[in-house]
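Architecture at a glance
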Amino acid sequence: MRLATFNLLHGRSPADGLVDPDRLTAAVTALDADILALQEVDRDQTRSGNLDLTAIAARALHAPEHRFAAAVVGTPGEQFRPLNHDDDGHGEPCYGVGLISRYPVRTWQVTRLRPAPVRSPVYVPGPGGGLLLLHDEPRVLLAAVLDTPHGPLTAAATHLSFVPGWNAHQLRRVVRALRTLPAPRVLLGDLNLPTTATRLVSGWQPLGRLPTYPATQPRVQLDHILVDRHDAHRLPPVTAVTTPTSTISDHRPLVVDLG
């Protein structure tokens, strides 16, 4: 079983700033993941050609099961609003996370995470950038209960806040939500926290420890695959952990092989 998480940067290549569906397809195909979590995912956004990036990634993996969960309606960094309900945003540009599975899905569950209540300083490179006070965005947790060759498995995708402290608060909320679903439980995503903090806050066990950001010369691990330590013995052992280079995104994907 191969698990992977990838912050897509909405499919954009830092090399030329373009979103090319063929390039996205090739990048995802190379991962060959059975379960893939995606972050910074667009649907119907002008900047990414009005594409459904989750659907493109699912086709690349020949995966029959996939779902996109919007965190906001609109475009981050420009104009956006929280969703009013889970079916909100159809026909409008949306941004969020995706979860793709080659295994059958029994049930899906969406949990919404509130943004930080205050603006926070963020360094933005380039002209007009610098240290800016930015509003945080709502976040979302997308979970699925899967039927795998090793038995039932809960897999979940999320992308937590960049605001220090608030991302830890959200991670605790995520753990509580996932503990209501069948074990074993695996969380995949960009948690905007380093490895030690992620482990201490969640109490869960990292399945792979390698730096993932920035993509050119990774120095810190922001992207994680965690398992609830109480049931980690029910998963096959880890046999390989990699962070392959890719033609898209400013993050590297994290790939973990089990069994």
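In case you missed it, the structure is sitting above this.
Described below are features of the structure shown in this document. (Residues numbered from 1 in each chain as written. Predicted model: local features only at pLDDT ≥ 70, side-chain atom pairs only at ≥ 80, totals over all residues. Heavy atoms only, no water.)

1. Topic: the packing of helix H3 (residues 166-178) against helix H4 (residues 195-202)
Quick note on the threshold: Lines fitted to C-alpha atoms define the axes here, with helix axes fitted over just the stretch in contact, and angles between the N-to-C directions of these axes take values from 0 to 180 degrees. The helix and strand labels rest on DSSP assignments: H or I over at least four residues marks a helix, E over at least two residues marks a strand, and numbering proceeds from the N terminus. Orientation categories follow fixed angle ranges, with anything under 35 degrees roughly parallel, anything over 145 roughly antiparallel, 65 to 115 roughly perpendicular, and all other angles oblique. In this scheme, a crossing is called left-handed if the near helix is turned counterclockwise away from the far one by less than a right angle; it is called right-handed if the turn is clockwise. The contact definition used throughout considers only heavy atoms, calling two residues in contact when any of these lie within 4.5 Å.
At a minimum axis distance of 9 Å, the contact between H3 and H4 shows a crossing angle of 50°. Classified by the interaxial angle, the pair formed by H3 and H4 is oblique. For the pair H3 and H4, the crossing hand works out as right-handed. Of H4, the residues touching H3 (which contributes Ala 168, Leu 171, Arg 172 and Val 175) are Thr 198, Val 201 and Ser 202.

2. Regarding helix H2 (residues 53-60)
Here is the rule we go by: With a 1.4 Å probe rolled over the protein chains alone, any residue whose accessible area is under 20% of its type maximum counts as buried; one over 50% counts as exposed, and the rest are partly exposed.
Most of H2 sits out of view: seven of its eight residues are buried. Once H2 ends, the next one or two residues include His 62, with phi positive near 55°.

3. Let's talk about empty space enclosed by the protein
The test is simple: Here a cavity means grid points, on a 1 Å grid over the protein atoms only, where a 1.4 Å probe fits yet cannot get out; a pocket means an open set of points with protein on both sides within 12 Å along at least five of seven lines; lining residues are those with an atom within 4 Å of a point. Grid points are joined across faces, edges and corners, and a volume is the space filled by probe spheres set on the points.
Scanning the entire structure with this criterion turns up one cavity of 30 Å³ or more. Its volume calculated, the largest cavity comes out at about 70 Å³. Together, Glu 40, Ala 71, Val 72, Tyr 95, Gly 96, Val 97, Glu 137, Pro 138, Arg 139, Val 140 and His 159 line the largest cavity. Residue assignment for the lining of the largest cavity shows that the elements contributing at least two residues are strand E3 (65-75), strand E5 (94-101) and strand E9 (139-148). Ranked by residues supplied to the lining of the largest cavity, first place goes to E5 with three residues.

4. Comments concerning the pattern of salt bridges
Applicable threshold: Within this document, salt bridges are pairs made up of a side-chain nitrogen of Lys or Arg and a carboxyl oxygen of Asp or Glu, the two lying within 4 Å of each other.
Per the stated rule, a full pass over the model turns up 13 salt bridges. Where Arg 102 meets Asp 32, a salt bridge forms, and the shortest distance between an N and an O atom there is 2.8 Å. With Arg 102 in the loop between E5 and strand E6 (105-113) and Asp 32 in the loop between helix H1 (21-31) and strand E2 (35-43), this pair connects stretches of sequence that are 70 residues apart. Since its relative accessible area comes to 26%, Arg 102 is described here as partly exposed. Two residues, Glu 92 and Arg 81, come together in a salt bridge whose shortest N-O distance is 3.0 Å. Taken together, the positions of Glu 92 in the loop between strand E4 (79-82) and E5 and Arg 81 in strand E4 put the pair 11 residues apart, joining distant regions of the chain. Since its relative accessible area comes to 31%, Glu 92 is described here as partly exposed. Three or more residues joined by partner-sharing salt bridges are found here, namely Arg 179, Arg 185, Asp 228, Asp 231 and Arg 234.

5. Observations regarding the sheet that holds strand E12 (residues 205-206)
Under the convention used in this document: Two strands make a pair as long as DSSP finds a minimum of two bridges between them.
Within the open sheet, the six strands sit side by side as E6-E9-E10-E11-E13-E12. Their pairing is mixed. The strands lining the two open edges of the sheet, one partner per strand, are E6 and E12. By the bridge criterion, two bridges tie E12 to strand E13 (residues 223-227) in an arrangement that is antiparallel. Within E13, the position partnered with Gln 205 by the bridge is Val 227. Contacting E6, E9, strand E10 (151-159) and strand E11 (185-190), H3 crosses the sheet at an angle of about 150° to E6. In the packing of H4 onto the sheet, the strands contacted are E12 and E13, and the crossing angle to E13 comes to about 35°.

6. With respect to the layout of surface pockets
A probe as big as a water molecule, rolled over the atoms, marks out the empty space that is left. Here is the rule we go by: Note on residue classes: Ala, Val, Leu, Ile, Met, Phe, Trp, Tyr, Cys and Pro are nonpolar, Asp, Glu, Lys and Arg are charged, and everything else, Gly too, is polar.
Roughly 160 Å³ of internal volume is contained in the second largest pocket. Elements represented by at least two residues in the lining of the second largest pocket include exactly E3 and E6. In terms of residue class, the lining of the second largest pocket is built from five nonpolar, one polar and six charged.

7. Remarks on the pairing of E10
The condition is simple: Orienting the strands away from the viewer, one traces the path from the first strand over the helix to the second; a clockwise path indicates a right-handed crossover.
Most of E10 is tucked away: seven of the nine residues are buried. As paired elements, E9 and E10 share eight bridges and run antiparallel to each other. Looking at the pairing, Leu 141 lines up with Thr 158 of E10. Counting the residues between successive antiparallel strands, the hairpin from E9 to E10 contains two residues. As paired elements, E10 and E11 share six bridges and run parallel to each other. If you follow Thr 154 over to E11, its bridge partner there is Arg 185. Crossover E10 to E11 through H3 is right-handed.

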